[in-house]
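Examining the three-dimensional arrangement
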Amino acid sequence: MPHAIPYQGSKRQLAHAIVPLVPLDTERLMEPFAGSAAVSIAAAYLKIPKAAVISDINEPLMALWGRILADPTSLADDYEGLWKAQLSDPRAYFEEIRSKFNATREPHFLLYLLARCVKAAVRYNRQGEFNQGADNRRLGAKPDAMRTRLHATAKALAGSTALTRDYTAALEAAEVRDVVYMDPPYEGVSNTRDHRYMAGLSRADFVTALGDAIDRDISFIISYDGSTGTKSYGTPLTEALDLTHLHLYAGRSSQATLNGNTALTVESLYLSPALVARLGGVGQVTARLAPIGA
Ligand SMILES: C[S@@+](CC[C@H](N)C(=O)[O-])C[C@H]1O[C@@H](n2cnc3c(N)ncnc32)[C@H](O)[C@@H]1O
């Protein structure tokens, strides 16, 4: 499965489990919390939806996506230039490019920063400047590897669209033959202990937007909280929405492995009533997941 950019929280390892829940008659797969768009790439690679519409509130990220889709060759050329220019002093060069990105918001600078920064985590300070540091053990993907990834991703996503917008606008634009896949920022890994918010997102607004989408018979899937061993993140979504709640056993948590234990990561998926009906009911949904142990 191709992937273009490293991104903290990427669903790359789980995409194979989520994609079987997208019906074969899907017009558009919409991914409004796109990040690295792992689920859209996987579904498009398998030619399940007619097209993907990826969107995220992070404007420079979506400008990068715009270039990946429109012109992967020139983006790969720019990345190669940056990657080679760093070799004499990679530490200082990262900081130089970070300053240039903060001044210009140019997509190729962001690609280089994502390839080199700690945990591929996009972090901004209060002034909106990218302030994540370099992982100085790594130089970032080699130019040839990046070129191959960018081209493979652009090919898989041919005909797809990348937009900067809030998730509410994406949900409002969805129609009944679409499927919306949502992976909002987790509560558990956000800085807030206040459960009214999910990393900057109001829970109440999220639940209201979901309720409106349900009333319009929109098919959607939410990756919502996660748990590792006995530790769980996030408050379950309200039962009033009548969503179907599934657990995916997602293998070992990389964080747990780093800490020397081998706790299993469990991912929650919530499906809207319209999607469950399209798939033929809850029994059919679990049958689709059976081969991967959900
Ligand atoms: C957990 S990440 C998604 C990762 C993604 N599934 C992947 O495979 O890379 C959550 C994303 O939500 C975006 N986001 C946060 N608040 C948002 C909002 N109100 N509307 C749209 N996107 C938002 C963030 O910029 C971030 O990229």
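Located above this text is the structure these notes cover.
The present account deals with the structure reproduced in this document. Going along each chain's sequence as written, the residues are numbered from 1 onward. The model is predicted, so local features are restricted to residues of pLDDT at least 70 and side-chain atom pairs to those at 80 or more, both for listing and for counting; the totals for chains, interfaces and linings are taken over all residues.

Let's talk about helix α7 (residues 143–156)
- Helix and strand assignments come from DSSP, with helices taken as H or I runs of at least 4 residues and strands as E runs of at least 2, each series counted from the N terminus. How far a helix is expected to stretch is found by multiplying one less than its residue total by 1.5 Å. In this model, α7 (14 residues) spans 20 Å end to end at C-alpha, consistent with the 20 Å of a helix rising 1.5 Å per residue.
- Of the residues making up α7, those classed as buried are M146, L150, T153, A154 and A156. Buried residues of α7 fall within an arc of 160 degrees about the axis and therefore sit on the same side. Exposed residues pointing more than 90 degrees away from the buried face of α7 are listed as D144, A145 and K155.
- Packed against the buried residues of α7 are α2 (38–45), α3 (59–70) and α4 (72–85). For every residue, the other C-beta atoms within 10 Å of its own C-beta are counted; 20 or more classify it as buried, 12 or fewer as exposed, and values in between as partly exposed. C-beta atoms are placed from the backbone. As used here, the arc is the angular range of directions from the helix axis to the C-beta atoms. Once C-beta atoms have been placed from the backbone, residue pairs whose C-beta atoms lie within 7 Å are recorded as contacts.

Here we look at the site of the ligand
- In the vicinity of the ligand there are 19 residues, among which F33, G35, S36, A38 and D183 approach most closely.
- Under the scheme applied, nonpolar residues are Ala, Val, Leu, Ile, Met, Phe, Trp, Tyr, Cys and Pro; charged residues are Asp, Glu, Lys and Arg; polar residues are all the others, including Gly. Broken down by class, the residue content of the shell around the ligand amounts to nine nonpolar, six polar and four charged. Using a C-beta atom placed from the backbone for every residue, we mark a residue as near a molecule or strand if that atom lies within 6 Å of it.

Here we look at the environment of M1
- Position of M1 among the secondary structure elements: in the segment before α1 (15–18).
- Residues M1 and A152, 151 residues apart in the sequence, show an inter-C-alpha distance of 8.8 Å.
- Non-local contacts of M1, meaning those with residues more than four positions away in its chain, are made with A15, I41, A42 and Y45.

Focus on the nonpolar core
- Core analysis: the biggest nonpolar cluster contains 80 residues, and I18, L111, L113, L114, V180, F220 and I221 have the highest contact counts within it.
- In terms of residue count, helix α6 (residues 107–116) provides more of this core than any other element does, seven residues in total.
- All domain edges in this entry derive from an automatic or database-based domain assignment. Split by domain, the residues of this core number at least three in each of domain 1 (15–57 + 165–292) and domain 2 (67–153).
- Those residues in contact with F220 that sit more than four places away from it in its chain are V179, V180, M182, A213, S272 and L275. As used throughout, a nonpolar core is a set of buried Ala, Val, Leu, Ile, Met, Phe, Trp, Tyr and Cys residues joined through C-beta atoms within 7 Å of each other.

Comments concerning unusual backbone geometry
- A positive phi is found at R105, a non-glycine position, where the angle reads about 60 degrees.
- With respect to the helices and strands, the residue R105 is situated in the loop between α5 (90–104) and α6.
- For A120, which is not glycine, the phi torsion reads 50 degrees and is therefore positive.
- With respect to the helices, strands and loops of the structure, A120 is situated in the loop between α6 and α7.

Topic: the packing of α3 against α6
- The contact between α3 and α6 brings their axes to 8 Å, and the two run at 105 degrees. The orientation of α3 with respect to α6, classified from their angle, is roughly perpendicular. For the pair α3 and α6, contact is made by P60, L61, A63, L64 and R67 and by P107, L110 and L111, respectively.
- Residues of the contact of α3 with α6, tallied by class, amount to seven nonpolar, no polar and one charged. Axis definition: a line fit to C-alpha positions, over the contact stretch in the case of helices; interaxial angles, taken between N-to-C directions, run 0 to 180 degrees. Here the word oblique covers every angle except those under 35 degrees (roughly parallel), over 145 (roughly antiparallel) and from 65 to 115 (roughly perpendicular).

Comments concerning the pairing of strand β2 (residues 51–56)
- Among the six residues that make up β2, five are buried, leaving the element largely enclosed by the rest of the structure.
- The criterion for strand pairing is that DSSP finds at least two bridges linking the strands in question. Two elements, strand β1 (residues 28–31) and β2, share four bridges in a ladder whose sense is parallel. Directly across from M30, in β2, lies its bridge partner V53.
- For the crossover from β1 across α2 to β2, the handedness is right-handed.
- As defined by bridge partners, β2 adjoins strand β3 (residues 161–164) across four bridges and the pair is classed as parallel. Among the inter-strand pairings, V53 is bridged to a residue of β3, identified as T161. Handedness of a crossover is defined as follows: orient the strands so they point away from the viewer, and if the path from the first strand over the helix to the second runs clockwise, the crossover is right-handed.

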